[in-house]
Amino acid sequence: VALRHISQNFYSALPGFAFDIDNRGCLTVIHNNMSFKSLQTNDVVNLISSDMFEWLGRHDNVINSGGIKIHPECDEALLAEVIVDRCYYITSRLHDRWGEVPVLVLEGEDNGCADAYLEAASRLLPKYHVPKNAVWLREFERTVSGKIKRIRVI
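What this report covers is the structure whose coordinates are included nearby. (Residues numbered from 1 in each chain as written. Predicted model: local features only at pLDDT ≥ 70, side-chain atom pairs only at ≥ 80, totals over all residues. Heavy atoms only, no water.)

1. Quick word on the sheet that holds strand 5 (residues 38-49)
Counted only if it meets this: What makes two strands pair is DSSP finding at least two bridges between them. Runs of H or I in DSSP of at least four residues are treated as helices and runs of E of at least two as strands, each being numbered from the N terminus.
Strand order in this open sheet of six strands is 1-2-6-5-4-3, and the pairing throughout is antiparallel. Only two strands of the sheet have a single partner each, and these edge strands are strand 1 (2-3) and strand 3 (18-21). Bridging between strand 5 and strand 6 (residues 52-58) involves six bridges; their strand directions are antiparallel. By the bridge assignment, Asp43 is partnered in strand 6 with Arg58.

Structure (structure tokens):
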């Protein structure tokens, strides 16, 4: 329904498609000549116009920390320049004061590099987005297509 040039952050609609958002900020795809007319997604976007959007992440993954909405996919993209030797993701754990706080989940054996990753995150990410700790999982569970199944940390 949309394409993005590799050097840009914005997706542009293919001919005949238009976009809107619902009350959660999730993308609605509109096409009057298709059987579905409109299709509601769980993709949180920044709607630039009816034919352009910036993808922020999945609604299911949003972390609400003290009222600040954190889209972990955006933060993970920034950490990709630092964490190059293993798979990882950012999720959340419950917190008495903030509701949730971000946590860095790393795949593999603890090799003592978690503190360095957290330090790098503190330099690259906004203050409230920095993971409060790191958790190691020997192996991530994955879908049939190979996507990581994110779990929230308790």
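Now that the structure is up, let's keep going.
2. Looking at the environment of Ile6
What counts, and what does not: When a residue's accessible area, from a 1.4 Å probe over protein chains only, is under 20% of the maximum for its type it is buried; when over 50% it is exposed; and in between it is partly exposed.
Note on placement: Ile6 falls in the loop between strand 1 and strand 2 (10-13). Residue Ile6 is classed as exposed on the basis of its relative accessible area, which comes to 75%. Spatially, the C-alpha atom of Ile6 lies 20 Å from that of Val82, the residues being 76 residues apart in sequence.

3. Details of the pattern of salt bridges
Definition in use: Criterion for a salt bridge: a side-chain nitrogen of Lys or Arg within 4 Å of a carboxyl oxygen of Asp or Glu.
Summed over the entire model, instances satisfying the criterion amount to nine salt bridges. As a salt-bridge pair, Asp22 and Arg24 come within 2.8 Å of each other at their nearest N and O atoms. Between Glu100 and Arg152 there is a salt bridge; the shortest N-O distance is 2.4 Å. Here Arg152 lies in the segment after strand 11 (134-137) and Glu100 lies in strand 10 (residues 99-107), a separation of 52 residues in the sequence. Since its relative accessible area comes to 14%, Glu100 is described here as buried. Of the residues examined, Arg152 reaches a relative accessible area of 38% and is grouped as partly exposed.

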